[in-house]
Amino acid sequence: MSNKPANNIQDLQYFGEFGGVNPSISDSATYTFLHAKTMLDTFEGHAEGCYLYSRHTSPSNLYLSEALAAMEFTETANVAASGMGAITSVFLQVCGAGDHIVSSRTIYGGSYAFLKNFAPKLNITTSFVDITSLESVEKSIKPSTKMIYCEAISNPLLEIANIAELSKIAKKHNILLVVDNTFSPLLISPQKLGADITIHSLTKFINGTNDTVGGVVCGSQAFIDSLRNVNDGAAMLLGPVMDSLRAASVLKNLRTLHIRMKKHSENALYLAESFEDDGLKVVYPGLESHPGHKLFKALYNKEYGFGGIMTIDVGSLAKANELMELMQNENLGYLAVSLGFYKTLFSASGSSTSSEIPAEEQLEMGLSDGIIRFSIGLDNDIERTYRAMRKCMVQVKVL
Ligand code: PLP
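Reading the values: rules and limits
- Along each chain, residues carry numbers from 1 onward, in the same order as the chain's sequence is written.
- Only residues with pLDDT of at least 70 are given local features in this predicted model, and only at 80 or more are side-chain atom pairs given and counted; all residues enter the totals for whole chains, interfaces and linings.
- Side-chain metrics rest on all non-hydrogen atoms present in the structure, leaving aside hydrogens and water.
- How far each domain reaches was decided by an automatic or database domain assignment.
- Only heavy atoms enter the contact rule, under which two residues are in contact if any of them lie within 4.5 Å.
- Accessible area that two parts lose when put together, evaluated with a 1.4 Å probe and summed over both, is termed the buried area.
- We define a salt bridge as a contact between a side-chain nitrogen of Lys or Arg and a carboxyl oxygen of Asp or Glu at a distance within 4 Å.
- Any pair of nitrogen or oxygen atoms within 3.5 Å is treated as a polar contact; in protein, a donor-acceptor pairing is required on top of that, and neighbouring residues in sequence qualify only through side-chain atoms on both sides.
- Only DSSP runs of H or I covering at least 4 residues are called helices, and only runs of E covering at least 2 are called strands; the numbering of each starts at the N terminus.
- UniProt positions are given in the numbering used here, feature names are shortened, and annotations may be inferred rather than shown by experiment.
- Pairing between two strands requires that DSSP report at least two bridges joining them.
- Inter-axis angles, ranging from 0 to 180 degrees, are taken between N-to-C directions of lines fitted to C-alpha atoms, where helices are fitted over the stretch in contact.
- Throughout, exposure labels follow a simple rule: accessible area from a 1.4 Å probe, protein chains only, divided by the maximum for the residue type, with under 20% read as buried, over 50% as exposed, and the rest as partly exposed.
- Buried Ala, Val, Leu, Ile, Met, Phe, Trp, Tyr and Cys residues form a nonpolar core when they are joined through side-chain atoms within 4.5 Å.
- Nearness of a residue to a molecule or strand requires only that one of the residue's heavy atoms be within 4 Å of it.
- Residue classes follow a fixed rule: Ala, Val, Leu, Ile, Met, Phe, Trp, Tyr, Cys and Pro count as nonpolar, while Asp, Glu, Lys and Arg count as charged, and any other residue, Gly among them, counts as polar.

(A) Layout of the domain arrangement of the chain. As far as domains go, the chain holds domain 1 (5-254) and domain 2 (257-395). Inter-centroid distance (C-alpha atoms) of domain 1 to domain 2 is 27 Å. In this assembly, 38 residues from domain 1 lie in contact with 42 residues from domain 2. Overall, the association of domain 1 and domain 2 removes approximately 3300 Å² of surface from exposure, summing both partners, and the carbon and sulfur fraction of that is 67%. Taken together, the connections running from domain 1 to domain 2 amount to two salt bridges. Between domain 1 and domain 2 we count 11 residue pairs in polar contact (both at pLDDT 80 or more) in total. Per-element accounting of the side of domain 1 that touches domain 2 gives the leading share, five residues, to helix α5 (residues 109-118).

(B) Here's a closer look at the UniProt feature "modified residue: N6-(pyridoxal phosphate)lysine" (unreviewed entry) in the chain. Per the UniProt record, the feature "modified residue: N6-(pyridoxal phosphate)lysine" (unreviewed entry) sits at K204. By the secondary structure assignment, K204 is in the loop between β6 (197-201) and β7 (215-219). Looking at K204, its side chain comes within polar contact range of the side chain of S201, at 3.4 Å.

(C) Here's a closer look at the sheet that holds strand β11 (residues 345-348). Here we have five strands laid out as an open sheet, ordered β8-β9-β12-β11-β10, and mixed in their pairing. Strands at the two margins of the open sheet, each flanked by one partner only, are β8 (281-283) and β10 (334-335). For β11 and strand β12 (residues 371-375), the ladder comprises four bridges, and the chain directions are antiparallel. Residue pairing for β12: A348 is matched across the bridge by I372. Contacts between helix α11 (residues 257-277) and the sheet are confined to β8 and β9 (309-313), with β9 contributing the most and set at about 20 degrees to the helix.

(D) Representation of the pattern of salt bridges in the model. Tallied over the entire structure, the rule returns 13 salt bridges. The partner of K281 in a salt bridge is D313, and the shortest N-O contact between them spans 3.8 Å. Of this pair, K281 sits in strand β8 while D313 sits in strand β9, and the two are 32 residues apart along the sequence. Look at K281 and you get exposed, because its relative accessible area is 58%. Through salt bridges that share partners, K4, K262 and E303 make up one connected network.

(E) Layout of the sheet that holds β7. Taken together, seven strands build an open sheet; the order of strands is β1-β7-β6-β5-β4-β2-β3 and the sheet is mixed. Edge positions in the open sheet fall to β1 (76-80) and β3 (125-129), since each of these has one partner strand only. The mean angle between the axes of side-by-side strands here comes to 20 degrees, regardless of whether they run parallel or antiparallel. Relative to strand β5 (residues 176-180), strand β4 (residues 145-151) runs parallel, the two being bridged by five bridges. Looking across to β5, one finds that E151 is bridged to D180. In the packing of helix α3 (residues 59-72) onto the sheet, contacts are made with β1, β6 and β7, and the angle to β1 comes to roughly 125 degrees. Packing of helix α7 (residues 163-172) onto the sheet brings it into contact with β4 and β5, and relative to β5 it is tilted by some 150 degrees.

(F) Quick look at the nonpolar core. Core analysis: the largest hydrophobic core is formed by 82 residues, its most contacted members being L64, L68, L254, F275 and M310. With six residues, the top contributor of residues to this core is α11. The residue makeup of this core includes at least three contributed by each of domain 1 (5-254) and domain 2 (257-395). Sequence-distant contacts of F275, that is, excluding residues within four places in its chain, are made with L280, V282, M310, I312, Y386, M389, R390 and M393.

(G) The site of the ligand, seen in detail. In the vicinity of the ligand, 14 residues are found, and the nearest of them are M84, D180, S201, T203 and K204. In the environment of the ligand, a nitrogen atom lies 2.6 Å from a nitrogen or oxygen atom belonging to the side chain of D180. Between an oxygen atom of the ligand and a side-chain N or O atom of T203, the distance comes to 2.6 Å. Among the elements that take part in the shell around the ligand, helix α4 (residues 83-94) stands out by supplying three residues, more than any other. Along the lines of polarity and charge, the residues of the shell around the ligand split into four nonpolar, seven polar and three charged.

Structure representation (structure tokens):
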């Protein structure tokens, strides 16, 4: 396997059943067996190459899983119907009643809400910590702790997790390090830095076309087998399965991810530097002013840049809303949640994708309500975009 995650995707060779250059799509929920004994073996997980039922897995889902595992340098992977389907199956596979999770406090609002409001119903508790403070991470670990959970680049504050050091802490305490790499596919390879499990919402950069939700868990063969186990596997029993037709279409989009990530990063760096020079409060891992800039440079796969997400704090929610509406009217992007699209997307995180986090906690973690999260698009002429965005900012008196 090469050192470059995009090469690993490119090097996979699949032929369709009829010699097609894309794998044939498996359009079946169930599969026949020539011999009854093979069916029994498959139930018990011993029949390599046989398929049982598409909630367990399907050929199309395995093709996509294999490509994502190659990208993340893991033994294997399991795709899911959404990022949340992937994340919650991992939590529930690893933890049972009485167990504890140490989580970054700046994570996607849905993941936060699950840990804060839903998991306690199953007597699974979470300590939310500042993930950039290795000391507070270690201090929060208890005998019942089963995992450290974080995002490689956090949503929406863009804090950088020191995966290499977090992994040392996890290993010392014999617990798992689970990383959501949704913001930084190809840029960061968590497994190479010591993570045990890498998760993505495929909905974002990886699929890149905003036509579906999807997720994946990348990890060891043993862990993925446990997720799919017919007796006690969270993926198998909760059933957040991706449809085969979707898996085939996500795989086709995955193949251009490296080109898209480079362009997202190039455009975001240009805008971040330009708006910072203009005096705006910009947060972007590619800026020297970012507290995690040096760390990011020590961890990242340089050729893909610093990613497509940046934030600008325009001071108040009212200003943020005014600016976003104007930018949408000027066709500079869409006022929409999510990320990783060809068009720029913007939303005020505090009142949208992080609204599950109570106001006082948002304040404590530095999430002010004037923060706009931008997912910078694939604009062909980013200097033109900058000039037009700047005009909007002057018009609403942010500049
Ligand atoms: N992880 C991160 C970092 C996200 O931003 C999101 C969605 O916004 C998710 C996970 C959840 O993914 P999905 O919406 O595909 O369930």
